Amino acid sequence: MNPTHALLSKDNLWTLALTAIGAGALLIAYSMRGFDSMWMFPPRHTDELFATSWIAGLVLGIFAGVRDEVTGTSEYLFHRPLSQARIHAARIVNCAIVLFAWFLVPPIAHWVIEFLFGDLASFGMPSFVLDHWTINAVMVSACAVGLFASTIPTRSILVRVLAAGTGILVMLSSSLLLSGDAVTATGPWLLVHAAITTVFLAGSFANVGKLADDDRPMARLSRVAAGSIVALTVSGSSVLGIALLQEEHEFERRQAHPRIVQTPAGTIHLCDQVRVPETFEREWLEVNEDHVRTGTKLPHASRVGRVWPGHKYGDFGLNTPRFRLDRRRRADNYQAAVDTDTGLVHVAWSAARWSIPDRFEVVGRSQENERFSDDARILHTPDAPDLWIVDSGALWRLRSHGAPRFFQPVALPDGDRLREHQTVHLGDRDILHPLGFSDSSTVALIGDKGVYVIGDELRAAPKAIRSELVQPPSLLLEAVDPDPITPTIAVVDADGEERFRHTFELQRFEETAHGVLTLFWSLLRPPAVQAVTGSFGDRGLATGFSSQPFLDPLVADRRRAWLTFCCIAVGLLCAFGTHRMLCRRDVDANARRFWIAWSIVLGPAGLLSAALFERRRAHADRPVLEIAPPLIRSA
Amino acid sequence: MILRIDPQSAEPIFEQIAFQVKATVARGQVEAGYKLPSVRELARELSINPNTVVRAYDVLEKDGVIVRRKGAGCFTTGRGSELAAPRKREQLRELLQRAATEAFHLGFTPDDIRTALDRALERLQFRGDETRGEEKQENNS
Amino acid sequence: MTSAIRFDRVHRYFADHAVLRGLDFTVEPGSIFALLGRNGAGKTTALRILLGFLEPHHGYCEILGTDSRKLSPRERGKIAYVGEDHRLYASMRVREAIEFEAGTRVGFRRDFVTKAIDRCAIPLGQRIFQLSRGQRAQLALVLSVGTEPELLIFDDPALGLDAVMRRELLDALIDLLAEVGCTVLFSSHHLHDVERIADRVGILHGGQLIVDATLDDLKSRVQRRAWIGTGTPPPVAGTLCCRRRRDGYDLTLLDVDATTENALTSGGAQLAPPSTPTLEELFLDLTADDRSGIFSASPSDQAHEASA
């Protein structure tokens, strides 16, 4: 038996156990969502499947790293004519085996179930396994994070937990990074996770072979790797916390004052929230002559958010279906989505709602199965068995049963072209089904010449529906500068001319207090990030704290240069504090320089991480003692 | 050859072994050319460090009591009784000193002690060589 | 010839407590060195530093000619180590453990080890957590010497074993030494076994060696003598220990000569003939505090009694 085999087989027991447990958990998670999801609608970051796979990977990595420590056999293993790197490599191979087993189990289970209970779906084809990789990429990188965190040579559990916590931040950030038009964007997702895996595996190799010793400083390489990761984690988490706080303050500030709102009818009103004396509740009142605030400072407008443009995933050119973000259309008997690359529609037909789909197909329009354009939208038609799509003003239809299996054009009365479609909420009245229980909303198609509804067939819309339609407003309320503290709004008419513009200031005490606190929290953000954010102008980066927690809207778009400089000053102050603290703890110069650098870059997070990592006990200068010769000594 | 050691005695273990071998040879209990146990066997038997056995055998070899033959082992040469004698005399001296002291504390006079000693000696049979003796049969007194 | 092990003024602290305060001794190749000391004296710490599991704060530790902090894997292969708890992979079967050792160590003699395990009456199919403590200790020992090590380091190998097991362990060690001739460093609490087998003894007390001598030297140079006289015995050079007895004192003395004897017997005091303390007695003399016993009255009670 050679060393590799021996090292691998010593861990047979846990390899098997974790494979079984993890596979079980994954199967349960998959079955909750439906196995078809593996092929067609890959998960988003809030999904339980995502969470299961991430936790499974992390647990695997942590287990592999601490296994020998927990059973007390690390010295037994260490004291062997094998390099630590080799032992660690065997651990990684074991993890890889488990991950591979986890990769195989769900598809095999799906095929088995399909084979036993239904048709082999077209989506079961091997090419679609690529989508399955989105989950497995998560497991692999989580495993690498766990392995790195659990092998850091320190006795401090806190440090290891923080390092493992990086994984959460990484997942969140990568999700944020990848949000945008396409749901899957598998290519970039895989690349990001491959990068994470590589970085953390390399870091774990830097960890092994170093001694965990409370009374001696950490090995230089481990400090650099683990210290950086922990510093980034502390910084990232603190930024998220700060963003949350700032969001709170902003919310409170907004509650404290009147608003300009645009009603569905299109009119713009000034409204004030007034406390009703008897009940002490707040009520919205329209402001009129009796109740108008005088002075040059006018009330505030409601915030209008903007979506960050996002990446163009076509740049990566990897061939997987990407579905439009605008929700998977789900009716009683089908789920459908448009693949943004091929322009074809993926449909899963089932006998009834919530049942397992029994037919899958990928269809286009006309006999040639041509692609739909990028503007194609699937119409949600409750109680209608067929699938309707509107594309470039034309209407198409795919029958649920029978030939032909492609979308056919539907002729509109008088050759009408469709301009838009709206979802109309009907409340209690339901014109289409007076006796049945159905959705209280329906889709109205608005053409140049008329309004239509779709059910079993295309019909002209009844008056009740037409009266509920929303007119395009003649005036548009825009947020010209969505600054969290002092935003600027404008009212623009249909010709694009600006009728009114205003920048809002902090007026009342409450607003000022919240505004100041929001500014204060920004000071604690990482100076380096603030500096970068503050240098880019006119990019529309400032969208709000919750959607972009890492980029501070207060300094983005070149606002408030003074705040950026203050942040940098805070960073320098922290660096000075770090220097003093580390000198007091007798830390050597190299380590000091390392942490000072991070303090300059990350501000308070660097200081905190340094405090966590470099304990006095490890660095204290121990005295050399007088040695008395033994009482009895032989030559 | 029966060898016993007392790890707690003041005498180093290797010396105890060497002395006992010499004493055995001196008593004529083994003939020349007798094969001593191997280092391993003896160490095992006495539960001691093989190094100690090696040291004992080194001393014996140096004193000419045994000879080492490569591949065969250690064998007695038959010589060595005279080297054991001073040591044995010292032991005798100690023995008698102790007995005399004890008897003295018990309250016996020197004459009593001498009488008792004579009687004890009568029980033993001495050959011409003063360093050998055997127990007499228990038929006279 | 370089020494097999060398501790050069090694200091090691835990928090602010100095466990090793300048440990300094050498072990020559081919010899057996016993490291003795009370519980918590630092024996395990010293051994862990030797094997590179801990780093000293000051000083230097050398093993087989290499700095203990920089032991290469190949050099580790020449050292056999068994810790106090005889730790093995508890879930493995005995034969799997043999295979593991065979796979991860160069020159592992599988047949020799299997035979030795048979002789210990340990079934090959049994899982290690099912073995008794003694069997586990034997197994750990046999596995560790499965290659032909140059150096054996055992931390209290007989811990928790009964007398029979201890003797078997000792015999196994002797067999091995006779066959291979390696250097041994071990720590133990069973001083009777140490007396049989060690060449050289080190007693660790207060973080330093108070004794670093061959057993033969200890036997020849250390004496115990009862001193009977009025007052307390005069302080002479070489007094290792002085314990009060009911009448007189027990003195443990080093390198007694005529002048020392004269000094002690001055003023009409009497000195009994010398006896050689056993290793255990010497150990107790040097490391135990002179207390009257944990169940006896406290000093204040005794004073009260005396005055009453």
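Because the structure is a prediction, the values reported are computed rather than measured.

Chemist: Please explain the overall build of chain A as it appears in this structure.
Modeler: For chain A, the count of helices and strands is 17 helices and 19 strands. Sorting the 635 residues of chain A into buried and exposed places 49% on the buried side. If you take every contact in chain A between residues at least 6 apart in sequence, the share linking residues at least 24 apart comes to 63%. Here chain A displays about 30,600 Å² of accessible surface, and carbon together with sulfur accounts for 62% of that area.

Chemist: It is not clear to me how the interface of chain C and chain A should be interpreted in this structure. Could you clarify?
Modeler: It is common to report an interface's size as the accessible area lost on association of the parts. Between chain C and chain A, the residue contacts involve 55 residues of the former and 39 residues of the latter. Across the chain C to chain A interface the summed buried area is about 4,200 Å²; carbon plus sulfur atoms make up 57%. The interface formed by chain C and chain A includes six salt bridges. Where chain C packs against chain A, one counts 29 residue pairs in polar contact (both at pLDDT 80 or more). Of all the elements in the fold, those that place two or more residues in the side of chain C that touches chain A are β1 (5-14), β2 (17-27), α2 (73-76), β6 (79-82), α3 (94-104), β10 (208-214), α8 (215-221) and α10 (279-287) of chain C. Sorting elements by how many residues they give to the side of chain C that touches chain A places β10(C) first, with seven residues. Partitioned by chemical class, the residues of the side of chain C that touches chain A number 29 nonpolar, eleven polar and 15 charged.

Chemist: For this particular structure, what's the right way to read the side chain of A:R559?
Modeler: Residues and elements named next belong to chain A. Here R559 shows up in the loop between α13 (527-535) and α14 (561-584). Assessed through its relative accessible area of 11%, R559 is described here as buried. Within the structure, R559 has its side chain in polar contact with the backbone oxygen of P553 (distance 2.5 Å).

Chemist: Looking at this model, I keep getting lost on the packing of aromatic side chains. Mind explaining?
Modeler: Aromatic ring pairs are reported here in terms of the distance separating the ring centres and the angle at which the planes meet. Summed over the entire model, instances satisfying the criterion amount to 16 aromatic pairs over all chains. Taking the centre distance of 5.0 Å and the plane angle of 75 degrees together, the rings of A:F594 and A:W595 count as edge-to-face. Considered together, A:F594 and A:W595 belong to a single accessibility category, that of buried residues. Centre to centre, the rings of A:W595 and A:F613 are 5.4 Å apart; their planes meet at 50 degrees, and the pair counts as tilted. Placement of A:W595 in helix α15 (residues 589-602) and of A:F613 in helix α16 (residues 604-613) is noted, with a sequence separation of 18 residues between them. Grouped by ring-pair contacts, the aromatic residues A:Y76, C:Y89 and C:F100 constitute a single cluster. The lysine or arginine in question, B:R55, covers the ring of B:F14, its NZ or CZ lying 4.1 Å from the ring centre. Above the face of the C:F112 ring, C:R109 is positioned so that its terminal group lies 4.1 Å from the ring centre.

Chemist: Honestly, the sheet that holds β6(C) in this entry has me stumped. Any pointers?
Modeler: Either a parallel or an antiparallel arrangement is found when strands of a sheet pair, and the pairing is made through backbone hydrogen bonds. The strand order across the open sheet built from seven strands is β19(A)-β10(C)-β9(C)-β3(C)-β8(C)-β7(C)-β6(C), with neighbouring strands paired in mixed fashion. Unpaired on one side and paired on the other, β19 (632-633) of chain A together with β6 of chain C mark the two borders of the sheet. Here five bridges tie strand β3 (residues 32-37) of chain C to strand β9 (residues 200-205) of chain C, and the two strands are oriented parallel to one another. If you follow C:F33 over to β9(C), its bridge partner there is C:R200. In the packing of helix α1 (residues 43-50) of chain C onto the sheet, the strands contacted are β3, β7 (151-155), β8 (183-187) and β9 of chain C, and the crossing angle to β7(C) comes to about 145 degrees. α10(C) contacts β19 of chain A together with β3, β9 and β10 of chain C of the sheet and is inclined by roughly 25 degrees relative to β9(C).

Chemist: Any chance you could explain the pattern of salt bridges here in plain terms?
Modeler: Opposite charge on two side chains allows them to pair when their charged atoms are near. What the rule picks out here adds up to 45 salt bridges over all chains. C:R12 is the salt-bridge partner of A:D215, the closest N and O atoms lying 3.5 Å from each other. A residue pair is termed interchain when its members come from two chains, as with A:D215 in the loop between α9 (186-207) and α10 (220-255) and C:R12 in strand β1. Note on accessibility: A:D215 and C:R12 belong to one class, buried. Among the salt bridges present, the one from C:D67 reaches C:R69, with a minimum N-O distance of 3.3 Å.

Chemist: Would you take a moment to explain the packing of helix α5 (residues 133-144) of chain C against helix α6 (residues 163-180) of chain C for this structure?
Modeler: A pair of packed helices is captured by two measures, namely the crossing angle of their axes and the spacing between those axes. All names here are of chain C. At a closest axis distance of 10 Å, the pairing of α5 and α6 adopts a crossing angle of 10 degrees. Judged by the inter-axis angle, α5 sits roughly parallel to α6. Packed against α5, whose contacting residues are G134, Q135, Q138 and L141, the element α6 presents M165, E168 and L169 at the interface. Within the contact of α5 with α6, the residues separate by chemical class into three nonpolar, three polar and one charged.

Chemist: Is there a simple way to think about the pairing of strand β6 (residues 345-349) of chain A in this case?
Modeler: In the case of a regular strand, side chains alternate between the two sheet surfaces. Residues and elements named next belong to chain A. In terms of residue burial, β6 counts as a mostly covered element, since five of its five residues are buried. Covered by surrounding structure in β6 are V345, V347 and W349 together with H346 and A348, the residues of both alternating faces. Both strand β5 (residues 334-338) and β6 contribute to a ladder of five bridges, which runs antiparallel. In the sheet register, Y334 faces β6, and the bridge partner there is W349. Linking β5 to β6, which pair antiparallel, is a turn of six residues; within it G343 sits at a positive phi near 75 degrees. Bridge analysis of β6 against strand β7 (residues 359-363) gives five bridges, and the strand direction is antiparallel. Bridged to V347 within β7 is E361.

Chemist: Any chance you could explain the environment of C:V180 here in plain terms?
Modeler: For C:V180, the position within the fold is in helix α6. Overall, the relative accessible area of 25% leaves C:V180 in the partly exposed class.

Chemist: How should I be thinking about the confidence of the model for chain A in this particular structure?
Modeler: Parts of the model with low pLDDT should not have their predicted coordinates read in detail. All names here are of chain A. Counting all residues, the mean pLDDT for chain A is 76, and 72% of those residues have values of 70 or more. In this model, residues 120-128 is a region of pLDDT below 50 whose contacts with residues beyond four sequence positions or in other chains number 18 contacts. Within the model, pLDDT remains below 50 along residues 288-321, and this stretch shows 65 contacts once partners closer than five positions in the same chain are excluded.

Chemist: Please clarify how empty space enclosed by the protein should be interpreted in this entry.
Modeler: Once rolled over the atoms, a probe with the size of a water molecule shows which space is left empty. Residue and element names in this part refer to chain C. This model, assessed by the stated rule, comprises six cavities of 30 Å³ or more. Here the largest cavity defines a volume of roughly 150 Å³. Around the largest cavity, the lining is made up of 13 residues, and of these P157, A158, L170, L173 and F186 lie nearest the centre. At the level of secondary structure, the elements contributing two or more residues to the lining of the largest cavity comprise α6 and α7 (191-197).

Chemist: Teacher, can you tell me more about the interface of chain C and chain B here?
Modeler: Facing the 21 residues of chain C at the interface are 19 residues of chain B. Summing the contributions of chain C and of chain B, the shared interface buries around 1,700 Å²; its carbon and sulfur component is 45%. In this structure, B:R40 and C:D175 form a salt bridge, with 3.3 Å as the shortest nitrogen-oxygen distance. At the boundary of chain C with chain B, the tally comes to 16 residue pairs in polar contact (both at pLDDT 80 or more). Mapped onto the side of chain C that touches chain B, the elements with two or more residues apiece are α6, α7 and α8 of chain C. Sort the elements by how many residues they give to the side of chain C that touches chain B and α6(C) lands first, with eight residues. For the side of chain C that touches chain B, the per-class residue count stands at seven nonpolar, five polar and nine charged.

Chemist: Would you take a moment to explain α15(A) for this structure?
Modeler: In an α-helix there are 3.6 residues to a turn, and that puts residues three or four apart on one side. All names here are of chain A. Between its first and last C-alpha, α15 extends 20 Å over 14 residues, near the 20 Å set by a 1.5 Å rise per residue. Buried residues of α15: A591, F594, W595, I596, W598, S599 and L602, and no others. Where α15 is buried, its residues touch α10, α13, α14 and α16. Its side-chain oxygen placed 3.3 Å from the backbone nitrogen of N590, D588 serves as the N-cap of α15. The positive-phi residue at the C-terminal boundary of α15 is G603, with phi of around 75 degrees.

Chemist: Would you take a moment to explain the pairing of β7(C) for this structure?
Modeler: Residues and elements named next belong to chain C. Counting buried positions over the five residues of β7 gives five, a clear majority of the element. Both faces of β7 are covered, namely the face carrying L151, I153 and D155 and the face carrying L152 and F154. In this sheet, β7 lies alongside β6 in parallel orientation, the contact comprising four bridges. Considered in β7, the bridge of Y81 is made with I153. Bridge count between β7 and β8: five bridges; the pairing is parallel. From the neighbouring strand, D155 faces β8, where its bridge partner is S187. For the crossover that starts at β7, traverses α6 and ends in the parallel β8, the hand is right-handed.

Each value, and the rule that gives it
- Residues numbered from 1 in each chain as written.
- Chains lettered and ligands numbered in written order.
- Predicted model: local features only at pLDDT ≥ 70, side-chain atom pairs only at ≥ 80, totals over all residues.
- Heavy atoms only, no water.
- Helix = DSSP H or I, 4+ residues; strand = E, 2+ residues; numbered from the N terminus.
- Buried < 20%, exposed > 50% of the residue type's maximum accessible area, 1.4 Å probe, protein only.
- Contact = heavy atoms within 4.5 Å.
- Areas by Shrake-Rupley, 256 points an atom, 1.4 Å probe, with all protein chains shown as cover.
- Buried area = accessible area lost by both parts, 1.4 Å probe.
- Salt bridge = Lys/Arg side-chain N within 4 Å of Asp/Glu carboxyl O.
- Polar contact = N/O pair within 3.5 Å; in protein donor to acceptor, adjacent residues only side chain to side chain.
- Nonpolar A, V, L, I, M, F, W, Y, C, P; charged D, E, K, R; others polar.
- Phe/Tyr/Trp six-rings, centres within 6.5 Å; stacked < 30°, edge-to-face > 60°.
- Lys NZ or Arg CZ within 6 Å of the ring centre and 35° of its normal.
- Pairing = 2+ DSSP bridges.
- Axes fitted to C-alpha atoms, helices over the stretch in contact; angles between N-to-C directions.
- Parallel < 35°, antiparallel > 145°, perpendicular 65-115°, else oblique.
- pLDDT = per-residue confidence, 0-100.
- 1 Å grid on protein atoms, 1.4 Å probe; cavity = no way out; pocket = protein on both sides within 12 Å on 5 of 7 lines; lining within 4 Å.
- Points joined across faces, edges and corners; volume = space filled by probe spheres on them.
- Expected span 1.5 Å × (residues − 1).
- Right-handed = clockwise from strand over helix to strand, strands pointing away.

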